[in-house]
Amino acid sequence: MVSKNNRLMAEATCLLIFLFSVIRIAHGADFNIKNFGAKANGKSDDTQAMSNAWKAACMSTDPSTILIPNGKYMVGPLTFQGPCKAPVNVQVQGNVLAPTDLNIFKSQNGWMVFQNIDRLMVSGTGTFDGQGSLAWSQNNCAKTGTCNSLPINLAFTSITNSKIQDISSLNSKLFHMNILNCKNVTLQHIIIRAPEESLNTDGIHIGRSSRINITGVDIKTGDDCVSLGDGSQQINIENVTCGPGHGISVGSLGKYHDEQPVMGVTVRNCTLTSTMFGVRVKTWPNSPSGVASYLDFEDIVMNNVSTCLLIDQEYCPYAQCNAEVPSRVKISNVSFKNIRGTSATKQAVKIICSRSIPCQNVQISDISLQYNGKDGPITSVCKNVKPSAFGKLNPPACANYN
Ligand SMILES: *[C@@H]1O[C@H](CO)[C@@H](O)[C@H](O)[C@H]1NC(C)=O
Ligand SMILES: *[C@@H]1O[C@H](CO)[C@@H](O)[C@H](O)[C@H]1NC(C)=O
Ligand SMILES: *[C@@H]1O[C@H](CO)[C@@H](O)[C@H](O)[C@H]1NC(C)=O
Ligand SMILES: *[C@@H]1O[C@H](CO)[C@@H](O)[C@H](O)[C@H]1NC(C)=O
Ligand SMILES: *[C@@H]1O[C@H](CO)[C@@H](O)[C@H](O)[C@H]1NC(C)=O
Ligand SMILES: CC(=O)N[C@H]1CO[C@H](CO)[C@@H](O)[C@@H]1O
């Protein structure tokens with residue numbers, strides 16, 4: 001009797017487990033990439049496993065989670081293609097490694113490409129390691145002026161109502177993250193790391209996107225920590241720490257035709273340390289017409305920053321432009337408020353606007369920057385702009401106008 005009961009119990013338990021697993025699949029639930037054949041040894045190619053897990057999750061009619069558990073995953077270029085039937089959470093706990101061989105990326109603009117997805121979440125404290133050191137040594141965009149030949153670590157294209165949080169992006173071959181044609185996306189508590197000497201490893205680049213919030217992100221890299229390209233609108237950047245790196249930039253703008261306006265950018269409570277620039281707006285000379293307006297930079301701490309505040313409408317790296325013809329990008333309604341700390345150079349503030357379209361309505365208030373070099377005191381220069389000044393200003397606004 002006892003053994004027969006046990007058998008019944010066992011069968012009932014099996015049935016229950018079976019039913020639960022069916023229900024779990026029906027509810028989307030977890031898609032652990034190890035169940036899709038990922039080896040997680042850092043050597044075997046786990047691309048197909050990740051791709052199949054994505055396809056399964058994206059097909060699920062209920063919200064689902066793809067789990068990338070602890071371990072090392074060698075994964076080649078991969079597109080996480082939407083649209084999906086329900087929200088998908090990609091939860092990364094492990095360390096995802098990119099191939100170092102550049103030939104593998106020939107036809108790809110990114111390593112991990114998320115495309116055309118609504119309600120995506122990328123979360124977990126895992127890392128995406130671009131293993132870029134070989135690529136940096138082969139980067140020749142200073143010579144050619146084009147830098148599009150290397151892959152971006154994480155490319156988000158046409159993503160809406162989504163969150164990217166807690167992950168780390170390391171040693172990207174080019175930009176770490178590119179946010180293109182996205183709407184209502186929050187990036188929070190992210191860590192970005194690449195060496196100071198690594199070329200074009202911008203932290204987060206945004207273009208043609210609106211309602212993007214970046215908060216609590218810590219960036220140490222070789223180029224701009226955050227850069228905002230044309231069509232960036234309603235962008236909030238808060239609680240970001242940056243440095244080393246090239247600072248937080250709007251632009252460069254005016255290199256191409258048909259650029260969309262940059263409108264409504266707030267950079268607040270950010271700390272920049274030993275960066276090449278603090279906060280800046282840069283536009284190319286000899287440009288088509290364009291617009292950058294409603295840009296607010298406030299409560300920013302500078303530690304040993306070279307050129308803390310900069311508007312540069314004569315931006316011309318690699319001497320790849322006709323600097324004689326002024327920029328036609330119109331910059332207006334810009335404020336720099338409550339900026340404090342130390343400058344690494346004498347000329348801490350430079351507001352160089354276009355001769356043909358001077359900047360309009362630039363406000364500077366409560367600037368308290370110290371410079372300790374022998375060639376001091378600290379100073380500011382202005383061209384083609386008459387900023388309105390409020391509060392205490394060190395350096396005084398537009399010293400060259402006095
Ligand atoms: C914006 O995205 C968040 C998810 O991050 C979502 O909860 C919210 O509803 C979205 N807002 C709108 C207006 O769709
Ligand atoms: C983004 O930031 C702005 C300003 O802080 C805030 O009003 C808005 O609700 C934020 N959006 C999301 C989706 O968190
Ligand atoms: C910035 O950090 C402060 C303190 O941690 C927090 O109260 C605030 O909500 C943060 N801002 C955003 C936009 O997350
Ligand atoms: C400013 O940001 C820092 C993190 O960089 C945070 O610790 C601090 O609480 C924030 N302050 C406010 C007022 O949001
Ligand atoms: C100041 O920043 C420069 C880089 O611009 C760096 O080389 C130098 O070590 C920094 N000094 C301090 C005291 O942090
Ligand atoms: C709100 C505000 O200050 N708007 C100003 C933006 O700049 C233009 C000039 O380009 C002014 O006319 C607006 O008053």
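Only a predicted model underlies this, so the values are computations on that prediction, with no experimental measurement involved. (Residues numbered from 1 in each chain as written. Chains lettered and ligands numbered in written order. Predicted model: local features only at pLDDT ≥ 70, side-chain atom pairs only at ≥ 80, totals over all residues. Heavy atoms only, no water.)

Enquirer: I would appreciate a short explanation of the site of ligand 4 in the present structure.
Expert: In the neighbourhood of ligand 4, the contacting residues comprise Asn239, Thr241 and Asn269. The separation between an oxygen atom of ligand 4 and a polar side-chain atom of asparagine 239 is 3.3 Å. At a separation of 2.4 Å, an oxygen atom of ligand 4 approaches a polar side-chain atom of asparagine 269. Protein contacts shield 36% of the accessible area of ligand 4, which totals 360 Å² for the unbound molecule. (Near = heavy atom within 4 Å. Polar contact = N/O pair within 3.5 Å; in protein donor to acceptor, adjacent residues only side chain to side chain. Areas by Shrake-Rupley, 256 points an atom, 1.4 Å probe, with all protein chains shown as cover.)

Enquirer: Is there a simple way to think about the site of ligand 6 in this case?
Expert: Near ligand 6 you find Tyr294, Lys330, Ser332, Asn333, Gln360 and Asn361, and these make up its full shell. Within the side chain of tyrosine 294, a nitrogen or oxygen atom sits 3.3 Å from a nitrogen atom of ligand 6. Side-chain polar atom of asparagine 333 to an oxygen atom of ligand 6: 2.5 Å apart, as the coordinates give it. Its free accessible area being 360 Å², ligand 6 has 45% of it covered by the protein chains. If you list the elements that add at least two residues to the shell around ligand 6, you get strand 27 (329-343) and strand 29 (360-370). It is strand 27 that provides the largest number of residues to the shell around ligand 6, a total of three residues. Residue classes in the shell around ligand 6 are distributed as one nonpolar, four polar and one charged. (Helix = DSSP H or I, 4+ residues; strand = E, 2+ residues; numbered from the N terminus. Nonpolar A, V, L, I, M, F, W, Y, C, P; charged D, E, K, R; others polar.)

Enquirer: Can you help me understand the UniProt feature "active site" (unreviewed entry) in the protein in this one?
Expert: According to UniProt, the positions carrying the feature "active site" (unreviewed entry) are His246. According to the relative accessible area criterion, histidine 246 is buried, its value standing at 17%. (UniProt positions renumbered as here; feature names shortened; annotations may be inferred. Buried < 20%, exposed > 50% of the residue type's maximum accessible area, 1.4 Å probe, protein only.)

Enquirer: What's the story with the side chain of serine 232 in this structure? I'm lost.
Expert: Here serine 232 shows up in the loop between strand 19 (226-228) and strand 20 (233-238). There is a polar contact of 3.2 Å between the side chain of serine 232 and the backbone oxygen of isoleucine 206. Beyond its immediate stretch of four places on either side in the chain, serine 232 contacts Ile206, Gly207, Arg208, Ser209, Pro261, Val262 and Met263. (Contact = heavy atoms within 4.5 Å.)

Enquirer: I keep staring at the side chain of threonine 186 and nothing clicks. Help me out?
Expert: Here threonine 186 lies in strand 14 (residues 183-188). Sequence-distant contacts of threonine 186, defined by excluding residues within four places in its chain, comprise Ser162, Lys163, Ile164 and Asn213.

Enquirer: Got a minute to help me understand the packing of aromatic side chains in this structure?
Expert: Each aromatic ring pair is summarised here by two numbers: the centre-to-centre distance and the angle between the ring planes. The tally for this structure, following the rule as stated, stands at seven aromatic pairs. Their ring planes at 80° and their centres at 6.2 Å tell us that tryptophan 111 and phenylalanine 128 sit as a pair that is edge-to-face. Of this pair, tryptophan 111 sits in strand 8 (residues 110-118) while phenylalanine 128 sits in strand 10 (residues 127-129), and the two are 17 residues apart along the sequence. A residue is classified by how much of its surface remains accessible, and tryptophan 111, at 1% relative accessible area, is buried. Take phenylalanine 128: its relative accessible area is 1%, and that puts it in the buried class. Here phenylalanine 114 and phenylalanine 156 contribute two aromatic rings whose centre-to-centre distance is 5.1 Å and whose plane-to-plane angle is 10°, an arrangement assigned as stacked. With phenylalanine 114 in strand 8 and phenylalanine 156 in strand 11 (residues 152-165), this pair connects stretches of sequence that are 42 residues apart. Put simply, the rings of Trp54, Phe80, Phe114 and Phe156 pair up and form one aromatic cluster. (Phe/Tyr/Trp six-rings, centres within 6.5 Å; stacked < 30°, edge-to-face > 60°.)

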